[in-house]
Amino acid sequence: MSPVGVAESEKPVVVLRDTGAAQTVMINSVLPLSVDTDLHKNVLVECIGDTEYQSLPLHSVCLKSKYVTGDVTVGIVDKIPVEGVHMLLENDTAGGQVNVCPVL
């Protein structure tokens, strides 16, 4: 992953594919975010274990993963409730990439 247009800043990250939410989020300390990555928009989300909504700033980053490769829009959070995970890849980015095990 890297800021859009800054391939030399590419950094490995741990991504968790989460099918239960709509907005992809990333921890704010993963990449150097700037006015160049800032989309100057926010998204309203209900966070895990929280009854209140939060307004998250949106940034554009370049992601290379088995689910998606290219520029993606991410909401920026202070933490993710799964130790060692840097990004939750949600349905907005990888909605068609769900592997379902058929139950018989």
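Relevant structure appears above.
As the structure is a computational prediction, the values presented were derived from the model and not from experiment.

## A few points about unusual backbone geometry
Working note: non-glycine residues mostly have negative phi, and peptide bonds are mostly trans.
Okay, so step 1: The phi torsion at H40 lies on the positive side, around 60 degrees, for a residue other than glycine.
Okay, so step 2: In this fold, H40 is placed in strand 4 (residues 38-46).
Okay, so step 3: By relative accessible area, which is 61% here, H40 ends up exposed.

## Focus: the side chain of T24
Okay, so step 1: As for its placement among the helices and strands, T24 is situated in the loop between strand 2 (15-17) and strand 3 (25-27).
Okay, so step 2: Among the residues examined, T24 registers a relative accessible area of 0% and is labelled buried.
Okay, so step 3: Here D92 takes part through its side chain, which lies 2.8 Å from a polar atom of the side chain of T24.
Okay, so step 4: Side chain to side chain, T24 and T93 meet in a polar contact 2.9 Å long.
Okay, so step 5: The residues touching T24, leaving out its near neighbours within four places in the chain, are T73, V74, G75, M87, L88, L89, E90, D92 and T93.

## A closer look at the pattern of salt bridges
Okay, so step 1: Applying the stated criterion across every chain, the model contains one salt bridge.
Okay, so step 2: Its salt-bridge partner being E10, residue K64 comes within 3.3 Å of it at the nearest N-O pair. Taken together, the residues span a long stretch of sequence, with K64 in strand 5 (residues 53-64) and E10 in the loop between strand 1 (2-3) and strand 2 at a distance of 54 residues.
Okay, so step 3: Given a relative accessible area of 45%, E10 falls into the partly exposed group.

Calculation notes
- Residues numbered from 1 in each chain as written.
- Predicted model: local features only at pLDDT ≥ 70, side-chain atom pairs only at ≥ 80, totals over all residues.
- Heavy atoms only, no water.
- Helix = DSSP H or I, 4+ residues; strand = E, 2+ residues; numbered from the N terminus.
- Buried < 20%, exposed > 50% of the residue type's maximum accessible area, 1.4 Å probe, protein only.
- Polar contact = N/O pair within 3.5 Å; in protein donor to acceptor, adjacent residues only side chain to side chain.
- Contact = heavy atoms within 4.5 Å.
- Salt bridge = Lys/Arg side-chain N within 4 Å of Asp/Glu carboxyl O.

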